[in-house]
Amino acid sequence: MTERIGIIGGSGLYNMDGLDIKERIELSTPFGSPSDAYILGTFAGKEVVFLPRHGKGHRFPAHQVNYRANIYGMKKLGVGRILSVSATGSLRERYEPGDIVLVDQFFDRTRNRASTFFEDGIAVHILFADPICRRLNEIVYDAAKDILGEHAHKGGAYLCMNGPQLSTRAESHAYRSWGMDIIGMTNLTEAKLAREAEICYCTIAMITDYDCWKESDEPFSAEKIIETFNANIGNARKILKNALEALPAEPDDCACRHALQGALMANPESLPAEVRERLDVIAGRYWI
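Description of the structure in this document. (Residues numbered from 1 in each chain as written. Predicted model: local features only at pLDDT ≥ 70, side-chain atom pairs only at ≥ 80, totals over all residues. Heavy atoms only, no water.)

### Observations regarding the nonpolar core
To be explicit about the condition: For this analysis, a nonpolar core means a set of buried residues of the types Ala, Val, Leu, Ile, Met, Phe, Trp, Tyr and Cys, connected via side-chain atoms within 4.5 Å. Using a 1.4 Å probe on the protein chains alone, a residue whose accessible area is under 20% of its type maximum counts as buried, one over 50% counts as exposed, and one in between counts as partly exposed. Each helix corresponds to a stretch of at least 4 residues labelled H or I by DSSP, and each strand to a stretch of at least 2 residues labelled E; elements are numbered beginning at the N terminus. Contacts: residue pairs with any heavy atoms within 4.5 Å of one another.
Formed by 59 residues in total, the largest nonpolar core has its most connected members in F117, F118, I122 and L260. Sort the elements by how many residues they give to this core and strand β9 (residues 157-161) lands first, with 5 residues. With sequence-adjacent residues up to four places away left out, F118 is seen in contact with V124, E196, L260, L279, I282 and A283. Ranked by size, the runner-up nonpolar core spans 35 residues in total, among them A144, C202, I239 and A243.

Below, the structure is given as C-alpha cells:
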C-alpha cells in the first residue's frame with residue numbers, strides 16, 4: 001500500500017475543497033468509533049485521508065472526541081504523516097488572530113482522557129520530549145510562510161486545556177506567566193497517540209482570538225472564534241496544498257517512525273492474545 005497523508009480538520013474545517021474523492025470509509029476499531037467517515041482521495045498529487053475531528057456539524061466537543069479511534073483508523077488506512085489543523089487562542093501579543101503557528105511543544109492541562117493505546121496488559125513508555133515531527137514541521141512552515149509571510153510563525157508551546165469551557169482570566173494570565181504561547185483543547189492528545197502509532201505529526205494552529213487575557217471592547221465568545229476561523233479557512237487550504245506538494249513521495253526515515261523501538265516494557269511473547277490482536281495495527285511488527 002502506498003503511504004497516505006492524513007489531514008485532520010478542526011473547528012470549521014469539515015471538508016476539503018479540491019479533494020478528488022475516491023471513497024468514504026466507515027471504520028470500527030477496538031477503541032470505538034471514529035468521529036466520522038474517513039474521506040480517501042487525492043489532493044495536490046498526494047493520496048490523502050481526511051477526517052473532521054469533531055464530526056460533520058461539530059457533534060463532538062474536544063473532551064469527547066474519540067482520539068484513539070481517530071488515530072487508529074488513520075494507521076489502519078496506511079497513513080504515515082498527519083497534518084492537523086486546529087483553532088487556537090493566542091497568549092502572546094505577537095500571535096494575532098489570522099496568524100498560523102507551527103508549534104513544537106505542548107503542556108498538558110487535560111484530565112480523564114484516554115491518551116494511550118497501551119493499557120490493560122501492556123506497558124509502553126515512548127520518548128516524547130519533542131512531540132512534533134521536526135521535518136514535517138519545517139515543510140509546513142515553509143508552505144505557510146509562502147502564503148502568510150510574517151504572519152506564519154515557527155515554534156511555540158501549545159497549552160492543551162480540557163474544555164469544554166474556555167479559560168478564566170486568572171488561568172489565561174497564569175498560562176502566560178508559565179511561558180505558554182497558544183491555547184487549544186485537542187492537539188496534544190492527538191500528538192501522543194500519533195507518536196505511539198509511529199506516525200509523523202504536525203499541528204497547524206490557526207489563531208482565532210487572544211483568549212481572555214487581553215481585554216478589549218469586543219466581546220469574547222465561541223461564536224467570534226468560529227467566525228474568525230471560518231474567515232481563514234481559505235488560507236488553511238492553501239497552506240495544506242502547498243505543503244502536500246512539497247512533501248516528498250518517499251518520507252524521511254525519522255525517529256517518529258521507530259517510536260516504539262525500545263519502548264515496550266513487556267515481552268511480546270508474554271502478551272495475552274486479545275492484547276496482541278487489539279494492538280496489531282499499532283505495534284504488530286514488534287510481535288514478530
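So that's the structure; there's more coming.
### Quick word on unusual backbone geometry
Trans peptide bonds make up most of the peptide bonds, and negative phi angles are found at most residues other than glycine. Look at the link from G163 to P164: it is a cis peptide, with omega at 5°. Assignment of secondary structure puts P164 in the loop between β9 and α3 (169-177). Despite not being glycine, H58 shows a phi value in the positive range, around 55°. In this fold, H58 is placed in the loop between β4 (46-52) and α1 (67-76). In this model, E198 sits at a positive phi of 60°, which is unusual for a non-glycine residue. Structurally, the position occupied by E198 is in the loop between α4 (187-196) and β11 (200-209). The class of E198 is buried, set by a relative accessible area of 4%.

### Comments concerning the packing of aromatic side chains
Test applied: Aromatic rings from Phe, Tyr and Trp, taking only the six-membered ring of Trp, are treated as a pair when their centres fall within 6.5 Å; an angle between ring planes under 30 degrees marks them as stacked, one over 60 as edge-to-face, and anything in between as tilted.
All told, the structure shown has 6 aromatic pairs when counted by the stated rule. For the pair Y210 and W213, a centre-to-centre distance of 5.8 Å together with 85° between the ring planes defines the contact as edge-to-face. Here Y210 and W213 have matching classes, each one buried. Connected via pairs of aromatic rings, a cluster forms that spans F31, Y72 and F117.

As far as function goes, none of this settles anything; it's purely spatial.
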